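Here are the chains, one letter per residue:
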Amino acid sequence: AIEFKAGDNQDVVLTVKTDAKSWAFEKNGEWIVAKQDGDKLTVNAQANTTESVRPGRITITAGNAEPVNINVNQKGLEVGEIVLSISPSDPIGFEATGNKAVELTVTTNAPDWTFSYPEEWMTAEKQGDKLTVNAKDNTGEAHVGQIVITAEQKTVKIAVTQKAASTDPEPT
């Protein structure tokens, strides 16, 4: 079984060994965050903003092998505890131009949260529990920065990059 605290959890990385051509997973619990990459399954949990324990499960299947069930449990909040999680929390990479906005979901039990970002080359808009970010068209060098989201004493940082403008001449 995998046990998570209410918040501030580290990723749990599972290695799946099988002789089947491929494998897949299903998760039972909307709050479970899981990502498959090669033979690795990275598992984490969104912040639990309640005092209730959350039970869940991940089922891994491969070919005709017996499915493997892994129980995933998350503790409830301690009294006075503040939690904060962002989904997705992966680094964000933007192209030089023509980007689609990225929507981040902020989960916290704090009454409010704030954010900062590299304003000189990005845009950001907060609506409810969503933060929508995008990169302005880049005409120069590559950009590197971070989005910082804060709720009371908790902070989450997400790395952001943008490719440099193309130096290739336009075809004529």
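Bear in mind the structure is a predicted one, so any value in this text is a computation, not a measurement.

### Some details on unusual backbone geometry
Thought 1: A cis amide bond, omega -5 degrees, links serine 87 with the succeeding residue proline 88.
Thought 2: Within the fold, proline 88 resides in the loop between strand S8 (84-87) and strand S9 (92-94).
Thought 3: Unlike most non-glycine residues, aspartate 8 shows phi in positive territory, near 60 degrees.
Thought 4: You can see aspartate 8 is positioned in the loop between strand S1 (2-4) and strand S2 (12-15).
Thought 5: The exposure class of aspartate 8 is partly exposed, given its relative accessible area of 41%.

### Overview of the pattern of salt bridges
Thought 1: Summed over the entire model, instances satisfying the criterion amount to 6 salt bridges.
Thought 2: Between aspartate 90 and lysine 35 there is a salt bridge whose closest N-O contact spans 2.7 Å. Linking aspartate 90 in the loop between S8 and S9 with lysine 35 in strand S4 (residues 32-37), this pair joins segments that are 55 residues apart in sequence.
Thought 3: One salt bridge connects glutamate 95 with lysine 163, and the closest N-O pair in it is separated by 3.3 Å.

### Details of the sheet that holds S8
Thought 1: In space, the 4 strands of this open sheet follow the order S8-S10-S13-S12, with antiparallel pairing throughout. Each of the sheet's edge strands pairs with one partner strand only, and the pair in question is S8 and strand S12 (122-127). Within the sheet, the average angular offset between the axes of one strand and its neighbour, ignoring direction, is 20 degrees.
Thought 2: Pairing analysis gives 6 bridges linking S12 to strand S13 (residues 130-135), with the strands arranged antiparallel. Paired with glutamate 125 across the two strands is threonine 132, which belongs to S13.

### What to know about the sheet that holds strand S5 (residues 40-45)
Thought 1: One open sheet accounts for 3 strands, arranged S2-S5-S4; its pairing is antiparallel. With one partner strand each, in any of the chains shown, S2 and S4 form the two edges of the open sheet. This sheet shows a mean twist of 20 degrees between the axes of neighbouring strands, independent of strand direction.
Thought 2: Summarising the sheet, S4 and S5 pair through 6 bridges and their orientation is antiparallel.

### Describing the nonpolar core
Thought 1: By size, the foremost hydrophobic cluster in this structure holds 20 residues, and its most contacted members are Ile86, Ile92, Ile147 and Ile149.
Thought 2: Breaking this core down by element, the ones donating at least two residues are S8, S9, strand S10 (102-108), S13, strand S14 (143-151) and strand S15 (154-162).
Thought 3: Aside from chain neighbours lying at most four places away, what touches isoleucine 147 is Ile92, Leu104, Ser116, Tyr117, Met122, Leu131, Val133, Val156, Lys157, Ile158 and Val160.
Thought 4: Grouped together as the second largest cluster of nonpolar side chains are 15 residues, Ile2, Val16, Ile32 and Val72 included.

### Some points on the packing of aromatic side chains
Thought 1: Counted by the stated rule, this structure contains 2 aromatic pairs.
Thought 2: Measuring from centroid to centroid gives 5.9 Å for phenylalanine 115 and tyrosine 117, while their planes differ by 25 degrees, and the two rings are stacked.
Thought 3: The class for phenylalanine 115 is partly exposed, based on a relative accessible area of 27%.
Thought 4: These aromatic residues form a ring-pair network of at least three members: Trp113, Phe115 and Tyr117.

About the criteria used
- Residues numbered from 1 in each chain as written.
- Predicted model: local features only at pLDDT ≥ 70, side-chain atom pairs only at ≥ 80, totals over all residues.
- Heavy atoms only, no water.
- Helix = DSSP H or I, 4+ residues; strand = E, 2+ residues; numbered from the N terminus.
- Buried < 20%, exposed > 50% of the residue type's maximum accessible area, 1.4 Å probe, protein only.
- Salt bridge = Lys/Arg side-chain N within 4 Å of Asp/Glu carboxyl O.
- Pairing = 2+ DSSP bridges.
- Axes fitted to C-alpha atoms, helices over the stretch in contact; angles between N-to-C directions.
- Core = buried A, V, L, I, M, F, W, Y, C linked by side-chain atoms within 4.5 Å.
- Contact = heavy atoms within 4.5 Å.
- Phe/Tyr/Trp six-rings, centres within 6.5 Å; stacked < 30°, edge-to-face > 60°.

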